[in-house]
Amino acid sequence: MSNTTSLPTSEAPAARRLPGDLAIWVFILSEMLVFAVFFAAYAFARAKNVELFNEYQQTVNRDLGALNTFLLITGSWFVVRAVQAAHRDDLPAVPRNILLGFLCGGGFVVVKIIEYAAKFGAGITLSTNTFYMFYISLTFFHFMHVILGMVILAVIWVQARKGAYTSRDAHGLESGAAYWHMVDLLWIILFPLVYVMR
Amino acid sequence: MDMLKNPAHRAWLVLMIATVITWYLGEVGAAGTTAIVAMLLIAFVKGRLVILDFMELREAPRMWRILLEGWLILVSSLILLAYWISLK
Amino acid sequence: MSGAFTKSMARNIFYGGTVFFFLLFLALSFDTHSQLPKRDMRQNITPQVAEGKKLWEVNNCIGCHTLMGEGAYFAPELGNVVVRYGEEGTKAFIQARPKEGIPGRRSMPQFNFTDEQLDAIVAFLKHVNSINDANWPPNSQG
Amino acid sequence: MQYKSQAVAKPYFIAAIGLFVGQILFGLILGLQYVLGDFLFPAIPFNVARMVHTNLLIVWLLFGFMGGAYYMIPEESETELFSPKLALAMFWIFLVAGALTIVGYLAVPYATLAELTGNSLLETMGREFLEQPLPTKLGIVVVALAFLFNITLTVLKGKKTSISIVLLLGLWGLAVFFLFSFYNPVNVVLDKFFWWWTVHLWVEGVWELILGSFLAFVLIKTTGVDREVIEKWLYVIVTLTLITGIIGTGHHYFWIGTPEYWQWWGSIFSALEPIPFFAMTVFAFNMVNRRRREHPNKAAVLWALGTGVMSFLGAGVWGFLHTLAPVNYYTHGTQITAAHGHMAFYGAYAMVNLMMISYAMPILRGRAANSNKSQVLEMWSFWLMTVAIVFITLFLTAAGILQVWLQRVSDAPLPFMVAQDKIALFYWMREWAGVAFLVGLIVYIASFFVGGEEKQA
């Protein structure tokens, strides 16, 4: 892992600045690595069972998948606005935008539960077939990341309400935001891969 | 459109439109090489926007930008490779 | 604060990440438990099978053999021994072990099992063989 | 020695080394039984010798962990141990109980031992690594709780550093997951499922927290690098360990009757398990390169670097070799597993304990470091043992590859014993490498008795 080489604190010139804490980026990278392996596993498992995957891919709810993409992208966008607000010291806008981002995450969770309820209600489990194994594994693994992201957003929301993030120090906010964007980034790959591409 | 001067807002708009395109391709049942390449390309562009404009890595130390964009390239190529195998 | 690496952030990630992955592990374990009845043939666990498992344990068979690939690697896999030798063959083999071993060869102790005990051991091994373990081992040699 | 009570670590370390010797002697017996099947039969059958070999390993590592904790915690907490008397009492209880257990293994047939020790009250015996009779298992719980009580109260009354918190988490986890050794359902799939909650979550989970904190402690002391920097690294490494290792348990759930999705989950997460070990190697070398002082104890630094490299090779690389389900289908339960087990246990846990002993023992004996002569000897023992284990691993790997080929892959699979006979040459070579290891261990012990110019404390 080449990221380890820059540990610990290395002072980059002011112009090139990594937002947030280096530790969160190490964590983000390792999480992304896990997902990369998972995505590749899906793609190669599919290559061995193309027909099965193509058949069952038709049974997942693409509309809800797209709706969730909207929600995550918009949630990410609100969090970007929160960071920008902190940078220009617009303090009331910071918690407001974090909350909106959090609500988008909540929307994602609700939509996902509706989706799962339909699938689990139909008696589908991890053991139904290889496609569903991946569908449930990947989306559930991601789902838990959404929840973790929301927990992080909740924490930084509480901090932001106390006015903790300003143009002088938005460190914690940026770290939380980076994690939340990762959740978004992963879904952007996951959605076409599992729901659409065939 | 003053709003679009902010790269994040621009990115949001592009991401939404791109999502609609992917969803639409699914609706019309697009499949096969062209559809796969198109969707992967869209996903790649979307991922890059998130990395550069949401995660704000455009101005970050080069190593971090390379790591994240490299991840995106790696994942897309692995998927592309697997789908290419499946088409044969 | 550019490129900063704070210990408190690293600590939070450690706690958060650990709890997160442990919960995920619990979720998977929970699902496993709901699936196991379809795979572990628990409906066939008779008192005789239970007795066989006990005999398997108190004679420390796992100290030489493997069972579904787990154990020592000194003596053959027994998860599928009833396929390899048959039930009677398995019993005959256990009974025929010479007390002082076989000169120069790996030797299995003579456990002096009664007929009921032998039946129980074979019932246990038969049960293990019936478990759906994803077609392991690759062939009858184990 | 900064705190008087650290002295309780000394008997723990001595016992650990003594049991280590026993472990290696029984290892040599086992190795010989692989090629001369009736060696010591029926006096000490293979299953008894193996049980002694693995149980001694576990017990000496636990002695090492406890000794290390007793040494480290007062210094980290900047206060005397809560109760040195309790620590000493527990030492004798654990040693006597351990010795009695081993005598029990050797003196009577295992079934008789089970009967004598009330196994029928709660059947827990006869499962790999958890062969201990019920009273011993209960004894382990009592000793562990008293130990944890002692250590935890010491930390609570003193300074709470990241290193001691990580260590405490590791030790508590060790105790908690040991409780699964009391759960032995009649359903063999469930039995195996939770057996791994002790075995895997120990060695690829909580024990690594102990390892990490020991390593961090010794690196702070020997390199003089800022505590802040080292503790950050420690958190990163243990995070990586647990996010890969917890679900990595799945690599044991491929072929024991558990659902087949474990083949994916287990493969994916355990394929990433080398990463934390790699990070640890980088960490150790990085800190030593950035050292701010030349610590007189060169041998301890060598062990610290060695444990990084060898745990990466043994646990990381050799684990990865057979962790992917399609590969493991053929290698499961063969000498490949044995190869991995030997190098991983030596590289990770034996070496980290030897590192701690190497660092602490001279100080406990009233000097900063041993004489040059003694250290040279210790370094010789390092290389002898390490190279020997590398060869043991290589020979077992070769034996394993052949075994897999002859018995599992080939068109006309050979019976187990026929295949074993064909690979006997590698078992002979392994045995000779084992002898070399014993020589290394003897040199190691000799290094304690070499005098010469001592460096002042």
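Predicted, not measured: the structure shown is a model, and the values here were computed from it. Residue indices follow the written sequence of each chain, beginning from 1 at its first position. Each chain is given a letter, starting from A, and each ligand a number, starting from 1, according to the order in which they appear as written. Residue-level local features of this predicted model are given only where pLDDT is at least 70; pairs of side-chain atoms are given and counted only at 80 or more, and the full residue set underlies all totals for whole chains, interfaces and linings. Each side-chain value is derived from all of the structure's non-hydrogen atoms; neither hydrogens nor water enter the calculation.

Next up on the list: the confidence of the model for chain A. Within a predicted model, pLDDT stands for the predictor's per-residue confidence, ranging from 0 to 100. Mean pLDDT over chain A: 92, with 92% of residues reaching 70 or higher. Two residues qualify as a contact provided that any one of their heavy atoms is within 4.5 Å of a heavy atom in the partner residue. Confidence drops under a pLDDT of 50 for residues 1-13 of chain A, and excluding neighbours within four residues, the segment shows 27 contacts in the predicted structure.

Take the UniProt feature "transmembrane region" (unreviewed entry) in chain B next. Residues and elements named next belong to chain B. Within the UniProt annotation, "transmembrane region" (unreviewed entry) is assigned to residues 12-45 and 66-85. Each helix is a run of DSSP H or I of at least 4 residues and each strand a run of E of at least 2, with the numbering of both proceeding from the N terminus. Between the C-alpha atoms that bound residues 12-45 there is a distance of 12 Å. The span itself is 85% helix and 0% strand. Across residues 66-85 one finds 100% helix and 0% strand; the C-alpha atoms that close the span lie 28 Å apart. UniProt positions are given in the numbering used here, feature names are shortened, and annotations may be inferred rather than shown by experiment.

Turning our eyes to something else, we now look at a nonpolar patch on the surface. A residue counts toward a patch only above 30% relative accessible area and without a salt bridge, and it is joined to like-charged neighbours within 9 Å or, for Val, Leu, Ile, Met, Phe, Trp and Tyr, to nonpolar neighbours within 5 Å. All accessible-area figures derive from a Shrake-Rupley calculation using a 1.4 Å probe, and residue coverage is judged against the displayed protein chains alone. For this analysis, a salt bridge means a side-chain nitrogen from Lys or Arg found within 4 Å of a carboxyl oxygen belonging to Asp or Glu. On the surface, a nonpolar cluster with roughly 360 Å² of combined accessible area is contributed by F44 of chain A together with L81, W84 and I85 of chain B. When residues of the nonpolar patch are assigned to their parent elements, the largest contribution, 3 residues, is made by helix α3 (residues 62-87) of chain B. Inspection of the secondary structure assignment puts W84 of chain B in helix α3.

With that out of the way, let us pick up the arrangement of the chains. Most contacts, when the 4 pairs of chains in contact are compared, are made between chains C and D. At the level of C-alpha atoms, the two units chain B and chain D stay apart, their nearest approach being 15 Å.

Residues and elements named next belong to chain A. Between its first and last C-alpha atoms helix α6 (residues 171-196) spans 37 Å; for 26 residues at 1.5 Å apiece the expected length is 38 Å, and the two agree. At L190, α6 shows its maximal bend, which comes to roughly 30°, and the proline P192 appears one to four places after that position. Counting buried positions over the 26 residues of α6 gives 25, a clear majority of the element. Helix span is expected to be 1.5 Å times the residue number reduced by one. Two axes define the bend at a residue: one fitted to the seven residues ending there, one fitted to the seven starting there, and the bend is the angle between them. Three labels apply to residues, based on accessible area from a 1.4 Å probe with only protein chains included: buried if under 20% of the type maximum, exposed if over 50%, partly exposed otherwise in between.

A separate point is the packing of helix α1 (residues 22-48) of chain A against helix α1 (residues 7-35) of chain C. The geometry of a pair of packed helices is captured by two quantities: the angle between their axes and the separation between those axes. Lines are fitted to the C-alpha atoms to define the axes, a helix being fitted only along its stretch in contact, and any angle between axes, read from their N-to-C directions, falls within 0 to 180 degrees. The N-to-C vectors of α1 of chain A and α1 of chain C enclose an angle of 30°; their axes lie 9 Å apart at closest approach. With respect to α1 of chain C, the element α1 of chain A is oriented roughly parallel. For the pair α1 of chain A and α1 of chain C, the contacting residues are A23, I24, F27 and E31 of chain A in the first and M9, A10, I13, G17 and F21 of chain C in the second. By definition in this entry, angles of less than 35 degrees are roughly parallel, angles greater than 145 are roughly antiparallel, angles of 65 to 115 are roughly perpendicular, and the rest are oblique.

Residue and element names in this part refer to chain A. As annotated by UniProt and renumbered to match this structure, "transmembrane region" (unreviewed entry) occupies residues 22-45, 66-86, 98-118, 130-158 and 178-197. Helix makes up 100% of residues 66-86 and strand 0%, whereas the separation of the span's terminal C-alpha atoms amounts to 30 Å. When the span residues 130-158 is considered, its composition is 100% helix and 0% strand, and the gap between its end C-alpha atoms is 42 Å.

Here the focus is the interface of chain D and chain C. The extent of an interface is frequently quoted as the accessible surface area lost upon association of the parts. With 88 residues of chain D at the contact, the number on the chain C side is 71 residues. Values labelled buried area give the accessible surface lost by two parts on being combined, using a 1.4 Å probe and summing over both. Buried surface at the junction of chain D and chain C, summed over both partners, amounts to about 6800 Å²; 65% is from carbon and sulfur atoms. Connecting chain D to chain C are 7 salt bridges. K7 of chain C is paired through a salt bridge with E231 of chain D; the nearest N and O atoms lie 2.6 Å apart. N or O atoms within 3.5 Å of each other form a polar contact, as long as, within protein, one can give a hydrogen and the other can take it, and as long as residues adjacent in sequence are counted only when both atoms are side-chain atoms. Counting every contact that joins chain D to chain C gives 33 residue pairs in polar contact (both at pLDDT 80 or more). With 12 residues, the top contributor of residues to the side of chain D that touches chain C is helix α7 (residues 188-223) of chain D. Ten residues, namely Ala, Val, Leu, Ile, Met, Phe, Trp, Tyr, Cys and Pro, are considered nonpolar, four, namely Asp, Glu, Lys and Arg, are considered charged, and the remaining ones, Gly among them, are considered polar. Along the lines of polarity and charge, the residues of the side of chain D that touches chain C split into 51 nonpolar, 23 polar and 14 charged.

Here we take up the packing of α6 of chain A against helix α2 (residues 33-54) of chain B. Interhelical geometry of α6 of chain A versus α2 of chain B gives an angle of 175° and a closest axis separation of 9 Å. In this view, α6 of chain A runs roughly antiparallel relative to α2 of chain B, as classed from their interaxial angle. Every residue of α2 of chain B that contacts α6 of chain A at H181, D184, L185, I188, P192 and V196 of chain A is listed here: M39, A43, K46, G47, V50, I51 and F54 of chain B. Looking at the contact of α6 of chain A with α2 of chain B residue by residue, the class counts come to 9 nonpolar, 2 polar and 2 charged.

What follows is about the side chain of K137 of chain D. Residues and elements named next belong to chain D. Among the secondary structure elements, K137 is positioned in helix α5 (residues 134-157). Charge assignment in this entry is limited to Lys and Arg as positive and Asp and Glu as negative, and neither His nor the chain termini are counted. For the buried K137, which has no salt bridge, the nearest side chain bearing the opposite charge is E131, at an N-O separation of 7.8 Å. Polar contacts involving the side chain of K137 include one to the main-chain carbonyl oxygen of Q132, which spans 2.9 Å. Ignoring sequence-local partners within four residues, the contact set of K137 consists of T124, M125, L130, Q132, F178, S181 and F182.

Turning our attention to the interface of chain A and chain B. With 52 residues of chain A in contact, the opposing surface of chain B contributes 49 residues. It is R16, W77 and M197 of chain A in chain A that bury the most area against chain B; as a group they hold 15% of the surface buried on that side. Joining chain A to chain B, the criterion identifies 1 salt bridge. Residue E27 of chain B pairs with R62 of chain A through a salt bridge whose shortest N-O separation is 3.1 Å. Where chain A packs against chain B, one counts 11 residue pairs in polar contact (both at pLDDT 80 or more). Those elements that place two or more of their residues in the side of chain A that touches chain B are α1, α3 (62-87) and α6 of chain A. Its residues assigned to classes, the side of chain A that touches chain B comprises 35 nonpolar, 9 polar and 8 charged.

Moving on to the environment of F345 of chain D. Note that F345 of chain D resides in helix α13 (residues 335-364). F345 of chain D sits 34 residues away from S311 of chain D along the chain, and the two C-alpha atoms are 7.8 Å apart.

Take unusual backbone geometry next. Residue W136 of chain C is joined to P137 of chain C through a cis peptide bond whose omega torsion reads -5°. Following the sequence through the fold, P137 of chain C ends up in the segment after α4 (115-130). The omega angle of the peptide bond from F41 of chain D to P42 of chain D is 0°, so this bond is cis rather than trans. Take P42 of chain D: it is sitting in the loop between α1 (9-35) and α2 (46-77). Phi is positive for A134 of chain C, which is not a glycine, with a value near 55°. For A134 of chain C, a relative accessible area of 12% corresponds to the buried category.

Tracing the backbone shows T393 of chain D in helix α14 (residues 372-409). Aside from chain neighbours lying at most four places away, what touches T393 of chain D is W318, A339 and M343 of chain D.

A separate point is helix α1 (residues 7-27) of chain B. The terminal C-alpha atoms of α1 of chain B, which comprises 21 residues, lie 30 Å apart, in line with the 30 Å expected from a rise of 1.5 Å per residue. Within α1 of chain B the residues assigned to the buried category are A8, H9, A11, W12, L15, M16, A18, T19, T22, L25 and G26 of chain B. Elements in contact with the buried residues of α1 of chain B: α3 and α6 of chain A together with α2 of chain B. For α1 of chain B, the N-terminal capping position is held by N6 of chain B, with its side-chain oxygen 3.0 Å away from the main-chain nitrogen of A8 of chain B. One or two steps after α1 of chain B, the chain reaches G29 of chain B, where phi turns positive at roughly 70°.

Next up on the list: the environment of K159 of chain D. Residues and elements named next belong to chain D. Here K159 lies in the loop between α5 and α6 (162-178). Judged by its relative accessible area of 42%, K159 falls in the partly exposed class. Considering only alpha carbons, one finds K159 and W428, 269 residues apart in sequence, at a separation of 53 Å. Not counting residues up to four positions away in its chain, the partners in contact with K159 are E76, S77, E78 and S164. Side chain to side chain, K159 and E78 meet in a polar contact 3.4 Å long.

The subject of this paragraph is the packing of aromatic side chains. Two rings from Phe, Tyr or Trp (for Trp, the six-membered ring) form a pair when their centres are within 6.5 Å of each other. A pair whose planes differ by under 30 degrees is stacked, one over 60 is edge-to-face, and the rest are tilted. Within this structure, the stated rule accounts for 93 aromatic pairs over all chains. Consider the rings of Y12 of chain D and Y70 of chain D, whose centres lie 5.2 Å apart with planes at 50°: the pair is tilted. Remark: Y70 of chain D occurs in helix α2 and Y12 of chain D occurs in helix α1; sequence separation between them is 58 residues. The exposure class assigned to Y12 of chain D is buried, which follows from its relative accessible area of 0%. For Y70 of chain D, a relative accessible area of 0% translates into the label buried. Ring geometry for Y329 of chain D and Y330 of chain D: centres 5.2 Å apart, planes at 85°, overall edge-to-face. Here the aromatic cluster, defined as three or more aromatic residues joined through ring pairs, consists of Y42, F53, Y56, F108, F131, Y132, F134, Y135, W187, F191 and Y195 of chain A together with W264 of chain D. Here the guanidinium or amino end of R97 of chain C rests over the ring plane of F93 of chain C, the centre of that ring lying 3.7 Å away. A positively charged side chain is recorded as over a ring if its NZ (Lys) or CZ (Arg) lies within 6 Å of the ring centre. The angle to the ring normal must also be within 35 degrees. Of note, R430 of chain D hangs over the ring of Y34 of chain D, and the distance from its end group to the ring centre comes to 4.9 Å.

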